[in-house]
Amino acid sequence: MASSSQQPGIGVGTWAWGNQFLWGYEPERDDEALAATFRRCLEQGLHFFDTADSYGTGRLNGRSEALLGRFAMAAPAEERAQLCIATKLAPFPWRLGRQGYRRAFAASQERLQGQLRRVQLHWSTARYAPWQEGPLLDGLADLVRSRAVESLGVSNVGPQRLRQLHQRLADQGVPLRSLQVQLSLLAPQPVLAGGVAEVCRELNIELIAYSPLALGLLSRSNGQSKAGARPLTGTRRRLFQQLEPKVQTLRQQMAEISAGRPGGLAAVALNWCRAHGAMPIPGLRSCEQVNATAAALSWQLSGDERGSLDQLVGFAGAPRMPANPFQSA
């Protein structure tokens, strides 16, 4: 267990910013609220923002980056200097060779108005086009060496592939700064025995937990959604219908842990990630969500509390979120 002084902070995920399919984004309704959300994040000391060039549905592709760039440039210079905006570049089939990301990187920098600090490989192509991945990663390393961007990370990479990519970059004198994977109480595989968290600790790679609230499933009380919450639609509704009957015991334990502490069930889920040495990046779309997230930073799980949650989620038959199909071994 990470000690209090060693536990990572909390970042912000922006997958929903521009996504209509899963999150029902509407520019006219949401952009003002998202701008206020961004400002509240800075007020609460949340400075790491994760996005991707593929975030945004259809004609809104890249919308998340564009919103982040707009909001960042509207912030005072001293606050903007504290930001770490990280984007992920998708290894689409037409992005090939060492120069395959050049245009994509330039487009992301333009949407982010020059505020990009970390570039990340969005997913591994090891399962279907292993020859594509290495040259693209080399191209990202070139961007770090030329100081076009400060640091480099990868996403959706398992223990074996992580070691290979780390070594490839080390041979070029470029550190691998971070790994981003799905990690939550309903997707604990990275922190179980033999998981990628062990490799991150060994190689001094920051571990970032995306979907730490399991698309919101872990922040809801048993049988209840938060007042004012948007109705579940499509894929999320089906997923919740499938998993909610299986997480009642887990939620009850989370409720007992959260009693008398700020942040509710969400804070328990976020602090479980932090206790395992990972920085969670929950998706935030309202000032209320920001406040609850920041509240989680005011306390940590005890060893016994983390152990009780580990026991509930660590066995083979425990409820699980669907795995990312691009996750490599």
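### As for the nonpolar core
Point 1. Residues Phe-38, Leu-162 and Leu-179 are the most contacted members of the largest nonpolar core, which totals 88 residues.
Point 2. If one sorts the elements of this core by residue count, helix H10 (residues 264–275) sits on top with 8 residues.
Point 3. Residues in contact with Phe-38, not counting those within four places in the same chain, are Trp-17, Phe-49, Leu-68, Phe-71, Ala-72, Ala-75 and Leu-83.
Point 4. Membership of the second largest hydrophobic core comes to 6 residues, among which are Ala-86, Tyr-210, Met-279 and Ile-281.

### As for the sheet that holds strand E1 (residues 12–13)
Sheet strands associate in pairs through backbone hydrogen bonding, adopting either a parallel or an antiparallel arrangement.
Point 1. On the basis of which strands lie adjacent, the open sheet formed by 8 strands has the order E1-E2-E3-E4-E5-E6-E7-E8 and parallel pairing. The sheet terminates laterally at E1 and strand E8 (278–280), the two strands that pair on one side only.
Point 2. Pairing of E1 with strand E2 (residues 48–52) involves 2 bridges; the strand directions are parallel. Considered in E2, the bridge of Gly-13 is made with Asp-50.
Point 3. Packed on one face of the sheet, helix H2 (residues 63–74) meets E2 and strand E3 (84–89) and runs near 145° to E2.

### Structural notes on the packing of H10 against helix H12 (residues 303–313)
Point 1. One can describe the packing of H10 onto H12 by two numbers: an axis separation of 11 Å at closest approach and a directional angle of 95°. Taken together, H10 and H12 sit at an angle that is classed as roughly perpendicular. Side by side, H10 and H12 meet where Val-268, Trp-272 and Ala-275 of the first sit next to Arg-306, Leu-309, Asp-310 and Val-313 of the second.
Point 2. Its residues assigned to classes, the contact of H10 with H12 shows 5 nonpolar, no polar and 2 charged.

### So, H2
Point 1. For H2, built from 12 residues, the straight-helix expectation of 16 Å at 1.5 Å per residue is met to within 8% by its first-to-last C-alpha distance of 17 Å.
Point 2. Within the sequence span of H2, burial applies to Ser-64, Glu-65, Leu-67, Leu-68, Gly-69, Phe-71 and Ala-72.
Point 3. Taken together, the buried residues of H2 touch helix H1 (27–43), E2, helix H3 (77–80), E3 and helix H4 (102–111).

### Remarks on the pairing of strand E6 (residues 178–182)
Point 1. A large share of E6 lies buried, amounting to 5 of its 5 residues.
Point 2. Both faces of E6 are covered, namely the face carrying Ser-178, Gln-180 and Gln-182 and the face carrying Leu-179 and Val-181.
Point 3. Two strands pair when backbone bridges link them, and strand E5 (residues 151–155) and E6 are joined in this way by 3 bridges, in the parallel orientation. When the bridges of E6 are listed, Gly-153 appears paired with Ser-178.
Point 4. As defined by bridge partners, E6 adjoins strand E7 (residues 206–210) across 5 bridges and the pair is classed as parallel. Paired with Gln-180 across the two strands is Ile-208, which belongs to E7.

### A word on helix H7 (residues 196–203)
Point 1. Taken together, the buried positions of H7 are Val-196, Ala-197, Val-199 and Cys-200. Each buried residue of H7 sits inside an arc of 160° when the element is viewed along its axis, so together they form one side. Residues of H7 that are exposed and angled more than 90 degrees away from the buried face: Arg-201 and Glu-202.
Point 2. In the core, the buried residues of H7 are packed alongside helix H6 (159–170), E6 and E7.
Point 3. A positive backbone phi angle near 60° is found at Asn-204, which sits one or two residues after H7.

Cut-offs applied
Residues numbered from 1 in each chain as written. Predicted model: local features only at pLDDT ≥ 70, side-chain atom pairs only at ≥ 80, totals over all residues. Heavy atoms only, no water. Core = buried A, V, L, I, M, F, W, Y, C linked by side-chain atoms within 4.5 Å. Buried < 20%, exposed > 50% of the residue type's maximum accessible area, 1.4 Å probe, protein only. Helix = DSSP H or I, 4+ residues; strand = E, 2+ residues; numbered from the N terminus. Contact = heavy atoms within 4.5 Å. Pairing = 2+ DSSP bridges. Axes fitted to C-alpha atoms, helices over the stretch in contact; angles between N-to-C directions. Parallel < 35°, antiparallel > 145°, perpendicular 65-115°, else oblique. Nonpolar A, V, L, I, M, F, W, Y, C, P; charged D, E, K, R; others polar. Expected span 1.5 Å × (residues − 1). Arc of directions from axis to C-beta.

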